[in-house]
Each structure stands twice: as structure tokens, then as C-alpha cells.
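Residue-level listing of the chains:
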Amino acid sequence: QVQLVESGGGLVQAGGPLRLSCVASGRTLSSFAMGWFRQAPGNGREFVSATTWSGSRTYFADSVKGRLTISRDNAKNTVYLQMNSLKPEDTAIYYCASRNADGRYFTGPDDYPYWGQGTQVTVSS
């Protein structure tokens, strides 16, 4: 079993940065693919970014490409989502997710069995 805890959310002005963190416990993350998703009120859970267990491959939704960076520190069992040039439409609850994997990354919510509780990101215009 893997427990995930996100942090780093908050209120930021449009154009500003935020860095989200996702700390895992229960299992080492070194063999787990990781993903970030978000959910705005009234919407379904939307893919944001994903990375392989090593961090060597990353993938981003078109809506965030060029503004967000995903990274991981397996020694700290932590995955980060650096968000720059934030827009009001980025406002959502952000979730990290994990799954045991063989070097692939995954973009579907149903691909991940383990989820954090989410952290709120609010971008004001």
C-alpha cells in the first residue's frame, strides 16, 4: 500500500508560480510511475502530467505544456510539480497518483490505484 500526501497549493496571482510536492510513504517510489491530475468544480478529473519511475520520461497535457515541469527525488520519495505562468483556468484541486510500473508513464485516472487527498490551487486574475 502507498500513501500519498500533496502539499504546496494555495492562492496565487495569474502569472505567478507554485510548486506542488507529493510525498509517499508505505513503499518506496523508485519503482512507481507518478502522475498529477486536477479537478475543477463541475469537471471530471483531468490529466496534467506524468513521469516514469526513473523520471527519464515525462508527459504533459497540451493545456499546461511549456508552463509545468514534473520531477522526482526517489531518495526522498517525493514528486514535484513546478507550475509557472499560472492562469485562472489552472484553478483546481491537484492530485498526485502512483502505480507500480515497468518504465512507462500513464495518463488515465483509471491507470492509477493510489491517490493523495489533493491540494487546492487557486489562481486569481
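Cut-offs and rules
- Residues numbered from 1 in each chain as written.
- Predicted model: local features only at pLDDT ≥ 70, side-chain atom pairs only at ≥ 80, totals over all residues.
- Heavy atoms only, no water.
- Pairing = 2+ DSSP bridges.
- Helix = DSSP H or I, 4+ residues; strand = E, 2+ residues; numbered from the N terminus.
- Axes fitted to C-alpha atoms, helices over the stretch in contact; angles between N-to-C directions.
- Core = buried A, V, L, I, M, F, W, Y, C linked by side-chain atoms within 4.5 Å.
- Buried < 20%, exposed > 50% of the residue type's maximum accessible area, 1.4 Å probe, protein only.
- Salt bridge = Lys/Arg side-chain N within 4 Å of Asp/Glu carboxyl O.
- Disulfide = S-S within 2.5 Å.

Draft legend 1. View of the sheet that holds strand β8 (residues 78-83). Strand order in the open sheet formed by four strands is β1-β3-β8-β7, with antiparallel pairing between adjacent strands. In the strand order of this sheet, the two ends are held by β1 (3-7) and β7 (68-73), each with one partner. Strand after strand, the sheet turns through a mean of 15° between neighbouring axes, direction not considered. Across six bridges, the pairing between strand β3 (residues 18-25) and β8 is antiparallel. Considered in β8, the bridge of Cys 22 is made with Val 79.

Draft legend 2. Seen up close, the nonpolar core. Among the nonpolar cores identified, the biggest contains 35 residues, and Leu 4, Trp 36, Leu 81, Met 83 and Tyr 94 are the most heavily contacted of them. Looking at this core, the elements with two or more residues in it are β3, β4 (32-39), β5 (46-51), β7, β8, β9 (92-100) and β11 (119-124). In terms of residues, this core owes the most to one element, β4, which gives five residues.

Draft legend 3. A look at the pairing of β8. By the criterion of burial, β8 is predominantly enclosed, with five of the six residues buried. Of the pairings in the sheet, the one linking β7 to β8 comprises six bridges and is antiparallel in character. From the neighbouring strand, Ser 71 faces β8, where its bridge partner is Tyr 80.

Draft legend 4. Summary view of the pattern of salt bridges. With the rule as written, the count across this model stands at five salt bridges. Across the pair Arg 38 and Glu 46 runs a salt bridge, and its minimum N-O distance is 2.9 Å. Notably, a salt bridge pairs Lys 65 with Asp 62, separated by 3.0 Å at the nearest N-O pair. Lys 65 sits in the partly exposed class, given a relative accessible area of 48%. Among the residues examined, Asp 62 registers a relative accessible area of 65% and is labelled exposed. By sharing partners, the salt bridges in this structure join Arg 38, Glu 46, Arg 67 and Asp 90 into a single network.

Draft legend 5. Structural view of the state of the cysteines. Taken as a whole and judged by the stated rule, the model has one disulfide. Cys 22 shares a disulfide with Cys 96; S-S distance 2.0 Å. Residues Cys 22 and Cys 96 are joined by a disulfide whose S-S torsion is about 55°; by sign, that bridge is right-handed. Of this pair, Cys 22 sits in strand β3 while Cys 96 sits in strand β9, and the two are 74 residues apart along the sequence. You can call Cys 22 buried: its relative accessible area is 0%. Classification of Cys 96 as buried rests on a relative accessible area of 1%.

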